[in-house]
Amino acid sequence: MHPKDWSPPSTPHPVEEKLWNEGSPLDGPVAAAAQTKEVTAQPAKAWPLSWPITDLPLPNEPGGKVVTDAGDAAKLRGLREGSTFEGVLIDVGGLRYELFVRDEFPDAVKTAIAASK
């Protein structure tokens, strides 16, 4: 499984390439977190969701907010497209936020991982 918006490096390691080829895009829940960001010169994306970005916890809080609504998860993945590990710059009424979005494993994968420990 891999995020739909991620692609392997142009010269992937053979193991990375094997894992990528055997994976499938994730389309389930995502977890998200955000923090204010004092940046004005960089371009930012608009917040597309009906609920406020301030509903998200800070990135240093465990887990983030798990978003299970398929439409909201898709919008968050869309914001993440083309971003780096530094997060996505979001503008909400002139205030800037740094948004972090990660895919959540399906329950079957979580159970298998827990059972292997």
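Residues numbered from 1 in each chain as written. Predicted model: local features only at pLDDT ≥ 70, side-chain atom pairs only at ≥ 80, totals over all residues. Heavy atoms only, no water.

### A short note on the pairing of strand β1 (residues 30-36)
Selection criterion: Burial classification: accessible surface area is computed with a 1.4 Å probe over protein chains only, and a residue below 20% of its type maximum counts as buried, one above 50% as exposed, and the rest as partly exposed. Runs of E in the DSSP output that reach at least two residues are strands. Runs of H or I that reach at least four are helices, and both are numbered from the N terminus. Between any two strands, pairing holds if DSSP finds at least two bridges.
Within β1, 5 of the 7 residues are buried, leaving the element largely enclosed by the surrounding structure. Alignment of β1 against strand β3 (residues 65-67), held across 3 bridges, turns out to be antiparallel. The residue bridging A32 from the neighbouring strand is K65, located in β3. With 7 bridges connecting them, β1 and strand β5 (residues 95-103) associate as antiparallel partners. Considered in β5, the bridge of A34 is made with L99.

### Some words on the side chain of R96
Condition: Within 3.5 Å is the distance limit for a polar contact, defined as a pair of N or O atoms, with the added protein rule that one can donate a hydrogen and the other accept it, and that residues adjacent in sequence qualify only through two side-chain atoms.
You can see R96 is positioned in strand β5. Exposure remark for R96: the relative accessible area of 17% places this residue in the buried category. There is a polar contact of 2.7 Å between the side chain of R96 and the backbone oxygen of Q42.

### Observations regarding the pattern of salt bridges
The cut-off we apply is this: Salt bridges are identified by distance alone: a Lys or Arg side-chain nitrogen within 4 Å of an Asp or Glu carboxyl oxygen.
For the structure on display, the rule yields 7 salt bridges. The closest approach of N and O atoms between E98 and K37, which form a salt bridge, is 3.8 Å. Here E98, found in strand β5, pairs with K37, found in the loop between β1 and β2 (45-46); they are 61 residues apart in sequence, far enough to count as distant. Here E98 falls in the buried class, since its relative accessible area comes to 10%. The closest approach of N and O atoms between D103 and R77, which form a salt bridge, is 2.6 Å. Of the two residues, D103 is situated in strand β5 and R77 in helix α2 (residues 70-80); the sequence distance between them amounts to 26 residues. Among the ionic contacts, a cluster of salt bridges with common partners joins R77, R80 and D103.

Any link to function would need more than the numbers given here.
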